[in-house]
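Read off the chains here:
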Amino acid sequence: MRWNILDRNMHILLSPDTRADASLPIYHDKQTIELKNNCAIGTYDFTVNQQDPDAKVLQLGNYISFVDKYGKTRLYTLMSHDGDEYEQTWHAEDIGLDLINEVADKWKYNEPHSFAWYAENLLLYDSGWSIGINEISNLTRSLTFDGQSDSVLTRLGDLANQFDGAEIDFEVEMSGSAVTKQVINVYKKLGSDLTQQRFVDAVNLKALTNNGSINDLRTAMIGYGSTPDDAGENAEPITFANIEYDDGRYFTLKGDKTVCDRVAGQTWARAGAFDATNKNALKGYIVGIYTYETKDANELLKRTITNLKTVNEPQIGYEADLLDLQADIGDTVQIAHRQYNPPIYLSARVQEVENCYTEAGQDTGKLGNYQILESNIDPRITDMISKLATQKASYIWLRYADDDKGNGMSYLPTGKKYYAMVTSIGSATPSDDPADYAGHWIELAKDGTPGKAGADGKTPYFHTAWADSVDGKTGFSTTDSANKSYLGTYADFTQAGSTDPSAYTWSLIKGADGKDGANGKDGVAGKDGLGIKSTAIAYQLSSSGTTTPTGTWSTTVPTLTKGQYLWTRTTLTYTDNTTKPVYSVSYVAKDGNNGSNGIAGKDGVGIKSTVVEYVGSTSGTTNPTSGWTATIPSVPGGQYLWTRTTWTYTDNTTEQGFIPTLMGAKGDKGDPGSDNVPYAYTQTSTPSSPKPKENDIWFVGTNWQNASAIKRYVGGTWVTDNFSQAVLNIKQLNAVQINGSTISGSMFVNNFDFYDGTMHYVGSMNIGNANYTVNYDLTETGVDDKNGILSISPQRFSNAIYRGKSTASPKILDTSVELFGDTLQFVKNTSTTSSPVYRITNMMSGDIYDTGWQNLVFIGGAISNPKDPAGIRRIGRTVFLRGSLRSPRTAGYIWCNLPLIFRPTVTQRYTVFAENNNQYRMIFWIAKDGNIRTEYNEVDANWYWLSGINWQMDKPDEEGY
């Protein structure tokens with residue numbers, strides 16, 4: 001790894017290299033590139049040994065540059081450092097002081113302009129940056145920005161966002177050791193939508209963590225702008241209260257300074273707060289405040305909606321610990337983590353990368369815009385994966401029945417004695433299956449329904465009422481529920497229900513009739529029916545009656561604690577060895593408060609015992625009434641095995657739960673088998689059924705195509721096996737990895753035709769006879785066609801690019817690069833006509849020459865400072881001086897003759913100053929023959945500082961360097 005340290009004039013001061021001895025050590029480095037506010041912003045942090053003499057070239061405002069892993073030349077400004085006399089850690093940023101520190105002024109243009117016009121005329125005009133790639137050059141906009149506190153960088157991101165959400169990155173171009181250009185590239189979207197890498201657990205995905213938060217969630221936002229110019233000292237900032245806006249989801253009412261999100265409002269409002277019947281209601285929203293410096297109310301409204309869209313849903317992110325992350329910022333990658341339960345299959349965009357160039361295996365990245373991928377896995381697993389990214393709304397189901405078993409169930413209360421109310425996640429349509437309401441039936445009464453008594457003797461009552469409005473005041477009744485749209489409920493210790501609608505909590509139970517929906521697609525074919533093989537019952541106490549406990553389960557009922565919940569888990573094991581837990585929960589009642597009146601009530605009840613019984617039936621909907629047994633009976637295929645669980649409470653009352661399971665039909669009889677035919681297992685666990693026999697095969701995996709190993713049953717144990725064959729004659733071999741093999745052949749040919757999202761490549765690659773050759777045609781939208789030949793051989797490397805298609809005649813060279821011996825040659829056709837004009841540049845070993853620091857050898861009366869010796873060093877074609885010296889005052893006095901490799905191409909003249917007194921100076925010449933002679937010296941007793949002097953050698957010296 002090689003770096004360049006440059007001064008503010010873009011002159012290279014030092015080139016540290018991990019491959020060079022005595023080079024300035026750089027370690028603990030980290031390159032971070034983050035896509036933020038439509039800009040790919042990079043930082044670079046690194047640590048150096050401050051005791052090294054070369055460390056002094058690192059100064060605030062200087063630059064560090066290198067070619068990163070993506071092949072891009074990065075230039076970072078040294079912004080800050082921290083440490084002691086032994087180590088200093090530097091922080092650098094890649095866009096420089098001109099864009100970070102400078103503030104953009106407000107502007108307003110009614111006529112449309114391009115992105116490049118705004119950027120180059122208003123933001124970049126004297127910054128050293130210019131527009132490079134521009135994929136939105138055809139777009140124009142009339143724009144107003146009132147802010148006067150945005151940095152130029154922030155304004156660039158905001159400007160890109162106005163051009164259809166374009167994205168930008170920053171890059172420098174270098175020629176040899178000189179920075180020639182700083183460019184801002186503008187893309188419709190950074191990166192590639194085509195998958196650039198795939199990461200799989202246990203292969204190249206070390207870990208995958210995901211996080212979610214609603215800490216900053218908002219469903220509405222108040223917007224404040226700037227204070228009007230003609231307003232007084234205490235004037236209020238502008239708002240968009242005079243604007244009425246409604247796009248169906250986001251709306252603001254005239255006279256109100258809040259913009260609301262209806263979808264997020266209904267999803268995240270607290271129970272009963274959101275008014276679903278009034279689309280303009282402002283109740284139940286979670287409101288934040290957003291400020292932006294503008295005097296334009298429409299601009300403020302647009303900015304506030306944009307900000308609201310960033311906080312109106314849970315913030316969910318992934319962080320992957322990846323091996324060898326090569327994807328660039330904005331690229332698309334795919335991730336498969338099969339050890340998650342359920343497995344995670346994602347497509348994600350690289351939002352941030354962290355690369356380390358001094359320590360291997362440290363690269364990582366952060367992902368965003370993740371999407372669930374479809375795959376050929378079981379549809380039930382796909383459904384579970386999808387639910388990870390989707391928070392569904394909850395709905396209340398209400399039904400009426402003749403008894404507490406749900407018989408005669410109806411959505412109308414007329415003539416019914418019981419009702420049940422349950423909560424559904426994701427489905428607004430109430431179920432008509434009584435089993436979905438089991439355990440929730442409550443007897444209707446004119447007065448409140450008595451609840452279970454407490455120890456203080458006060459009996460609680462549950463009251464219901466019906467109405468036609470959300471506040472209960474229209475059509476209020478405690479007896480007539482016919483055609484009512486709202487249900488009101490509350491509980492107290494008074495038997496008579498209140499006639500005050502405000503005493504009730506109201507819920508919508510009848511919505512408007514919806515339109516008939518389109519016929520749904522046929523469902524995925526179901527699996528073969530399964531039977532129950534066994535059941536296991538366990539118990540656990542918990543402080544929660546809604547969250548399944550994660551502690552230790554016991555096969556015996558634990559000692560009951562009042563105020564706790566007793567959970568019962570029934571684990572069903574099916575005939576395919578899969579299992580399913582079924583939970584029920586009961587509350588162990590606390591003692592009530594001391595009452596002043598009333599007779600003593602009963603103690604709270606707990607579960608005293610549990611009995612599980614089974615019976616077969618031809619019906620899967622009607623509970624069997626007889627034939628129950630404690631052992632699992634044999635049930636024919638196509639019929640149902642019913643499981644009945646009877647709970648007996650400590651007050652000797654009982655409750656029952658029923659579960660039907662369809663038994664699979666018996667398959668056709670198979671052909672007669674042979675005891676000597678090996679059986680092939682495909683599973684992840686060690687096979688046991690049917691019992692393995694000699695030479696049986698086990699594919700370790702969920703299917704044979706993705707098996708991680710092949711094992712054979714030999715001598716009573718499973719041993720690793722493989723397919724072996726001396727000679728294979730195969731017409732086509734797909735998706736294969738060949739390890740430890742020798743492939744003999746005269747030529748390998750790969751014909752290709754692919755599009756990478758930007759360019760279209762067509763051609764062939766040939767490997768053989770000690771040569772690697774690629775012939776290709778290159779097509780890019782909006783760019784002239786090109787073709788090329790890439791060739792690598794033991795003698796040379798070359799890549800020549802020609803104008804037009806490969807079939808064009810004559811062939812006109814555009815550019816080429818060729819390496820032969822120790823010479824690297826670049827050829828560029830500078831002509832735009834059919835008559836080529838070539839510019840040829842040769843780089844020789846001298847261009848990467850480094851002498852290291854050497855002491856200057858003086859002649860005559862000049863002497864070197866023993867505390868800061870005068871030295872000279874050549875790196876490539878640049879020569880540097882350092883240290884300090886004293887020289888006689890005699891004009892024309894020659895005090896040094898430089899060796900041939902340091903002599904300048906043209907005579908150089910320099911002025912230097914005394915170390916401790918800038919009033920004294922010395923002027924000297926360095927001639928082409930290497931003589932250094934004094935022109936002027938004010939005081940010969942002063943030490944004159946040489947550091948910072950350097951010159952270029954524009955052509956090879958006489959020795960070819």
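Reading guide: rules and limits
Residues numbered from 1 in each chain as written. Predicted model: local features only at pLDDT ≥ 70, side-chain atom pairs only at ≥ 80, totals over all residues. Heavy atoms only, no water. Helix = DSSP H or I, 4+ residues; strand = E, 2+ residues; numbered from the N terminus. Buried < 20%, exposed > 50% of the residue type's maximum accessible area, 1.4 Å probe, protein only. Contact = heavy atoms within 4.5 Å. Areas by Shrake-Rupley, 256 points an atom, 1.4 Å probe, with all protein chains shown as cover. Salt bridge = Lys/Arg side-chain N within 4 Å of Asp/Glu carboxyl O. Patch = residues over 30% accessible without salt bridge, like charges linked within 9 Å, V, L, I, M, F, W, Y side chains within 5 Å. Lys, Arg positive; Asp, Glu negative; His and termini not counted. Charge placed at Lys NZ, Arg CZ, Asp CG, Glu CD. Axes fitted to C-alpha atoms, helices over the stretch in contact; angles between N-to-C directions. Parallel < 35°, antiparallel > 145°, perpendicular 65-115°, else oblique. Left-handed = near helix turned anticlockwise from the far one by under 90°. Nonpolar A, V, L, I, M, F, W, Y, C, P; charged D, E, K, R; others polar. Core = buried A, V, L, I, M, F, W, Y, C linked by side-chain atoms within 4.5 Å. Phe/Tyr/Trp six-rings, centres within 6.5 Å; stacked < 30°, edge-to-face > 60°. Lys NZ or Arg CZ within 6 Å of the ring centre and 35° of its normal. pLDDT = per-residue confidence, 0-100. Pairing = 2+ DSSP bridges. Polar contact = N/O pair within 3.5 Å; in protein donor to acceptor, adjacent residues only side chain to side chain.

As recorded in an unreviewed UniProt entry, the chain goes by Phage tail spike protein and comes from Lapidilactobacillus gannanensis.

**Some words on the overall build of the chain**
Within the chain, the secondary structure is distributed over six helices and 61 strands. Relative to its 961 residues, the chain shows a buried fraction of 37%. Intrachain contacts of the chain at a sequence separation of at least 6 include 52% that bridge at least 24 residues. Accessible surface, the chain: about 54700 Å² in total, of which carbon and sulfur atoms supply 48%.

**Quick notes on the pattern of salt bridges**
One pass over the full model with this rule turns up 29 salt bridges. In this structure, Arg349 and Glu167 form a salt bridge, with 2.5 Å as the shortest nitrogen-oxygen distance. On the criterion of sequence distance, the pair formed by Arg349 in strand β24 (residues 344-355) and Glu167 in strand β13 (residues 167-175) is long-range, its members being 182 residues apart. The two residues Arg349 and Glu167 agree in class, both being buried. By sharing partners, the salt bridges in this structure join Asp54, Asp850, Arg873 and Arg882 into a single network.

**What about the environment of Ala707?**
Here Ala707 lies in the loop between β40 (697-700) and β41 (709-714). Residue Ala707 is classed as partly exposed on the basis of its relative accessible area of 28%. Between the alpha carbons of Ala707 and Thr684 there is a distance of 8.8 Å; along the sequence they are 23 residues apart. If we skip the residues at most four places from it in the chain, Ala707 touches Phe699, Val700 and Gly701.

**Looking at the environment of Thr479**
Within the element layout of this structure, Thr479 appears in the loop between β30 (461-467) and β31 (486-492). For the pair Thr479 and Thr464, spaced 15 residues apart in sequence, the C-alpha separation works out to 8.7 Å.

**Structural notes on a negative patch on the surface**
Residues Asp82, Asp84, Glu85 and Glu87 make up a contiguous surface patch of negative charge. With respect to the helices and strands, Asp84 occurs in the loop between β6 (73-83) and β7 (87-93). Using a relative accessible area of 39% as the deciding quantity, one classes Asp84 as partly exposed.

**Details of the packing of helix α2 (residues 115-123) against helix α3 (residues 152-162)**
Contact geometry for α2 and α3: axes closest at 11 Å, N-to-C directions at 165°. If you check the angle between α2 and α3, you find them roughly antiparallel. Judged by the twist between their axes, the crossing of α2 over α3 is right-handed. Residues Phe115, Tyr118, Ala119 and Leu123 of α2 form the contact with α3, whose participating residues are Val152, Arg155, Leu156, Leu159 and Ala160. When its residues are assigned to classes, the contact of α2 with α3 shows eight nonpolar, no polar and one charged.

**What about the nonpolar core?**
Ranked by size, the top nonpolar core spans 40 residues in total, and within it Phe115, Leu124, Leu156 and Ile168 carry the most contacts. Listed by contribution, the elements that provide at least two residues to this core are α2, β10 (129-134), α3, β13, β14 (178-187) and α5 (297-309). In contact with Leu124, other than residues within four places in its own chain, are Leu99, Ala119, Trp129, Ile131, Leu156 and Ile184.

**Let's talk about the packing of aromatic side chains**
For the coordinates displayed, the defined rule picks out 28 aromatic pairs. Plain terms: the ring middles of Tyr910 and Trp951 are 6.2 Å apart, the flat faces sit at 40° to each other, and that makes the pair tilted. Remark: Trp951 occurs in strand β61 (residues 950-952) and Tyr910 occurs in strand β57 (residues 908-913); sequence separation between them is 41 residues. Of the two residues, Tyr910 and Trp951, both sit in the buried class. A connected cluster of aromatic rings, assembled from ring pairs, spans Tyr44, Phe46, Phe66, Tyr76 and Tyr357. It is Arg141 that lies over the ring of Phe163; its NZ or CZ is 5.4 Å from the centre. Note that Lys811 overlies the ring of Tyr802, its terminal NZ or CZ placed 4.6 Å from the centroid.

**A few points about α3**
In terms of burial, α3 is largely enclosed, as nine of its eleven residues are buried. Looking only at α3, the buried set comprises Val152, Leu153, Arg155, Leu156, Gly157, Asp158, Leu159, Ala160 and Gln162. Asp164 lies just past α3 and shows a positive phi near 60°.

**Brief notes about the side chain of Thr568**
Here Thr568 lies in strand β34 (residues 565-574). Apart from the residues within four sequence positions on either side, Thr568 is in contact with Ile537, Ala538, Tyr539, Trp553, Val582, Tyr583, Ser584, Ile607 and Trp647.

**Quick look at the confidence of the model for the chain**
For the chain, the mean per-residue pLDDT works out to 81, and 83% of the residues sit at or above 70. The least confident element of the chain, judged by mean pLDDT, is helix α6 (residues 379-388) at 41; the most confident is strand β17 (residues 220-224) at 95. With pLDDT under 50 throughout, residues 374-378 is counted as low confidence; its partners more than four residues away or in other chains account for seven contacts.

**With respect to the sheet that holds strand β56 (residues 894-897)**
Strand-to-strand pairing in sheets goes through backbone hydrogen bonds, with the strands running parallel or antiparallel. Reading across from one edge, β56-β59-β58-β57 is the order of the four strands in this open sheet, with antiparallel pairing throughout. The outermost strands of the open sheet, each flanked by one partner alone, are β56 and β57. When the angles between neighbouring strand axes are averaged without regard to direction, this sheet yields 25°. Pairing analysis gives six bridges linking β57 to strand β58 (residues 921-926), with the strands arranged antiparallel. Of the residues in β58, the one forming a bridge with Arg909 is Trp925.

**What to know about unusual backbone geometry**
Note that the residue after Ser689, namely Pro690, is joined by a cis bond; omega there is -5°. As for its placement among the helices and strands, Pro690 is situated in the loop between β39 (680-683) and β40. The phi dihedral of Asn652 falls on the positive side, at around 70°, and the residue is not glycine.

**Regarding the sheet that holds strand β54 (residues 878-882)**
Reading across the sheet, the four strands line up as β51-β53-β54-β61 and stay open at both edges, with antiparallel pairing between neighbours. Each edge of the open sheet is held by one strand with a lone partner, namely β51 (854-855) and β61. Two elements, β54 and β61, share three bridges in a ladder whose sense is antiparallel. What sits directly across from Val879, in β61, is Trp951.

**Points about the pairing of β30**
Along β30, six of the seven residues are buried, which leaves the element largely enclosed by surrounding structure. In this structure, β30 lies alongside β31, joined through seven bridges in antiparallel fashion. When the bridges of β31 are listed, Tyr461 appears paired with Asp492.

**Details of the environment of Arg712**
Its place among the elements puts Arg712 in strand β41. The spatial distance from the C-alpha of Arg712 to the C-alpha of Phe699 is 9.1 Å, given a sequence separation of 13 residues. Among all residues touching Arg712, those that are not within four sequence positions of it are Asn695, Asp696, Ile697, Thr717, Trp718, Val719 and Asp721. At 2.6 Å, the side chain of Arg712 forms a polar contact with the side chain of Asp721.

**Overview of the pairing of strand β59 (residues 931-937)**
The side chains of a regular strand alternate between both faces of the sheet. In terms of strand pairing, β56 meets β59 through three bridges, oriented antiparallel. Considered in β59, the bridge of Ile894 is made with Arg933. One ladder, built from five bridges, connects β58 with β59; its direction is antiparallel. Along β59, the bridge assignment pairs Ile923 with Tyr936. The hairpin formed by β58 and β59 contains four residues between the paired strands, and Gly930 there has a positive phi angle of roughly 95°.

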